[in-house]
Amino acid sequence: MKNIIFAATAMIVAMTAVSCSKVAGIEENPSYTYRFAVVNEELPSVKSNMNDDHLVFETGDYLGFSLEKQGEGIVETQRTLIQTTDPRPIFGFTTNHQMKAGDRIYVVSPRVLPKDEGTDRREPVKADPMQSITIPLVQTHKGGKFDGTAMPMVSVPFTFTEDMLVGKDNQLQEVKFLNLGALLEFRVFSTTYQGEIVRDVTFEADKNIVGEFKINVQEVNPDDENTLAIDLTTPRAEGELATPVTNVARTESDAVVGTNKDDSRSVVRMVVAPGTYTGKVKVRTDKAYYVFNLSERTFKRNGIYPLGLNLNNATRV
């Protein structure tokens, strides 16, 4: 097992203010635009495509953020897009709140809930420290790239240390992201069924491993694992917008059954909530189904776990 090295930082690079309207030279409802550049502390880029051991954001990926004013609590929660990745990922937002010394910002990823019949199922915007994040029930690893938006991330709370005044030459600041999930690497190989195409891998665990959960962004502390825990024990009782929690996850794939467990063509990745599980792993190829019994394993937050699946040792149906 090795650590995932795709913790990210976001750096405040600019802020401007514009007036929505003016009366006798007095600005009314001023708006403030904040822009951030996303960089990686250990690698040159951070994205939502996961290749090798890092994430790569893509233009159009969604983040979510909450703004907290001193003495007022969270005053605004929004979603925002990664606007460009050239030369590095940039995101920004406009708000009527001017962030001053002591104010805070919290960021989560991903923010948008899965699509249902072509429609974004977005939860209502709420000024609430309990923010929703989803580990998808169905994930994708095709063309050698895993869709890293399956990995839930949350930022360490960032506190502004000085007033961010319009026109001021602001010093760059950093917001650090933390990964909340565990990454499984199913390595499908065989001496008999080489060349079969893996259509998908399904993990059926003895307890919930994916779905929608909430995290208190105000309490996030990188030195306290309890503040980063994912609770999937009960579903959210908020109607149709809630993504169900379940003990079954599936990754769609086009991997090729390899010759051994180190064959890179055979890797199929999956994000699950950290925990200790037993269960079954089912591999569906273009030729047959293969079923494995998984003995008790513990998967920790921010870990990568290679799991060799020798089809010769599976039940073939």
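Everything numeric here is computed off the predicted structure, so don't read it as measured data. (Residues numbered from 1 in each chain as written. Predicted model: local features only at pLDDT ≥ 70, side-chain atom pairs only at ≥ 80, totals over all residues. Heavy atoms only, no water.)

J.: What is the right way to read the overall build of the protein chain from this model?
T.: Secondary structure assignment for the protein chain yields zero helices and 26 strands. Looking at the protein chain residue by residue over its 317 residues, the buried ones come to 50%. Within the protein chain, residue pairs in contact and separated by at least 24 positions form 73% of the contacts whose partners lie at least 6 positions apart. On the protein chain, roughly 14500 Å² of surface is accessible, and the fraction owed to carbon and sulfur atoms is 45%. (Helix = DSSP H or I, 4+ residues; strand = E, 2+ residues; numbered from the N terminus. Buried < 20%, exposed > 50% of the residue type's maximum accessible area, 1.4 Å probe, protein only. Contact = heavy atoms within 4.5 Å. Areas by Shrake-Rupley, 256 points an atom, 1.4 Å probe, with all protein chains shown as cover.)

J.: Please clarify how the pattern of salt bridges should be interpreted in this entry.
T.: Think of it this way: side chains of opposite charge can pair up when their charged atoms draw near. Here the structure, examined in full by the defined rule, presents twelve salt bridges. The closest approach of N and O atoms between Arg250 and Asp200, which form a salt bridge, is 4.0 Å. Taken together, the positions of Arg250 in strand β21 (residues 248-253) and Asp200 in strand β19 (residues 198-205) put the pair 50 residues apart, joining distant regions of the chain. A relative accessible area of 28% means that Arg250 is categorised as partly exposed. Across the pair Arg284 and Asp200 runs a salt bridge, and its minimum N-O distance is 2.8 Å. With Arg284 in strand β23 (residues 275-285) and Asp200 in strand β19, this pair connects stretches of sequence that are 84 residues apart. (Salt bridge = Lys/Arg side-chain N within 4 Å of Asp/Glu carboxyl O.)

J.: When you look at the pairing of β21 in this model, what are you seeing that I'm missing?
T.: On a regular strand, each side chain points to the face opposite its neighbour's, so the side chains alternate between the two faces of the sheet. By the alternation rule, side chains of β21 split into Ala249, Thr251 and Ser253, which are all buried, and Val248, Arg250 and Glu252, of which none is buried. Where strand β13 (residues 138-142) meets β21, four bridges bridge the pair, whose relative direction is parallel. Among the inter-strand pairings, Thr140 is bridged to a residue of β21, identified as Glu252. Summarising the sheet, β19 and β21 pair through five bridges and their orientation is antiparallel. What sits directly across from Glu204, in β21, is Val248. (Pairing = 2+ DSSP bridges.)

J.: What's the story with unusual backbone geometry in this structure? I'm lost.
T.: Note: most peptide bonds trans; most residues except glycine with negative phi. The phi dihedral of Asn302 is positive, around 70°, even though this residue is not glycine. Take Asn302: it is sitting in the loop between β24 (289-299) and β25 (303-310).

J.: What am I meant to see in the packing of aromatic side chains here?
T.: One pair of aromatic rings is described through two measures. These are the centre distance and the angle between the planes. This structure, assessed with the given rule, holds five aromatic pairs. Through a chain of ring-to-ring contacts, the aromatic side chains of Phe203, Tyr277, Phe299 and Tyr305 assemble into a single cluster. (Phe/Tyr/Trp six-rings, centres within 6.5 Å; stacked < 30°, edge-to-face > 60°.)

J.: What am I meant to see in the nonpolar core here?
T.: Soluble globular proteins: nonpolar side chains tend toward being buried together. Counting residues in each nonpolar core, the largest one holds 69 residues, and the members touching the most others are Ile105, Phe186, Phe203, Val283 and Phe299. When residues of this core are assigned to their parent elements, the largest contribution, five residues, is made by strand β18 (residues 182-189). Non-local contacts of Phe186, meaning those with residues more than four positions away in its chain, are made with Val201, Phe203, Ser266, Val267, Val268, Met270, Val281, Leu307 and Leu309. (Core = buried A, V, L, I, M, F, W, Y, C linked by side-chain atoms within 4.5 Å.)

J.: What is the right way to read the side chain of Glu76 from this model?
T.: By the element assignment, Glu76 lies in strand β7 (residues 73-84). No salt bridge is formed by the buried Glu76; the nearest opposite charge belongs to Lys69, separated by 9.8 Å. A polar side-chain atom of Glu76 sits 2.2 Å from a polar atom in the side chain of Gln78. (Lys, Arg positive; Asp, Glu negative; His and termini not counted. Polar contact = N/O pair within 3.5 Å; in protein donor to acceptor, adjacent residues only side chain to side chain.)

J.: Any chance you could explain the environment of Tyr32 here in plain terms?
T.: Relative to the helices and strands, Tyr32 resides in strand β3 (residues 26-40). Considered as a pair, Tyr32 and His97 are 65 residues apart in the sequence and their alpha carbons are 6.8 Å apart. Of note is the side chain of Tyr32, whose polar atom sits 3.3 Å from the side chain of Gln98.

J.: How do you make sense of the environment of Ala314 when you look at a structure like this?
T.: Residue placement: Ala314 occurs in the loop between β25 and β26 (315-316). Relative accessible area serves as the criterion here: at 16%, Ala314 is assigned to the buried category. Taking the C-alpha atoms as reference points, Ala314 and Val291, separated by 23 residues in sequence, lie 5.4 Å from one another. Excluding its chain neighbours within four sequence positions, the residues that come into contact with Ala314 are Tyr290, Val291 and Phe292.

J.: How should I be thinking about the side chain of Thr80 in this particular structure?
T.: Here Thr80 lies in strand β7. Other than its neighbours up to four places away in sequence, Thr80 contacts Asp61, Tyr62, Leu63, Phe65, Phe91, Gly92 and Phe93.

J.: What's the story with the environment of Ile105 in this structure? I'm lost.
T.: Its place among the elements puts Ile105 in strand β9 (residues 104-109). We classify Ile105 as buried; its relative accessible area is 1%. In sequence terms Ile105 and Ser155 are 50 residues apart; their C-alpha atoms lie 8.8 Å from each other.

J.: Could you clarify how one ought to interpret the pairing of β13 in this entry?
T.: Here β13 shows one buried face, formed by Gln139 and His141, and one open face, formed by Val138, Thr140 and Lys142. Pairing of β13 with strand β14 (residues 145-147), which is carried by two bridges, proceeds in the antiparallel orientation. Counted as the bridge partner of Lys142 is Lys145 from β14.

In short, shape yes, function no, at least from these values alone.
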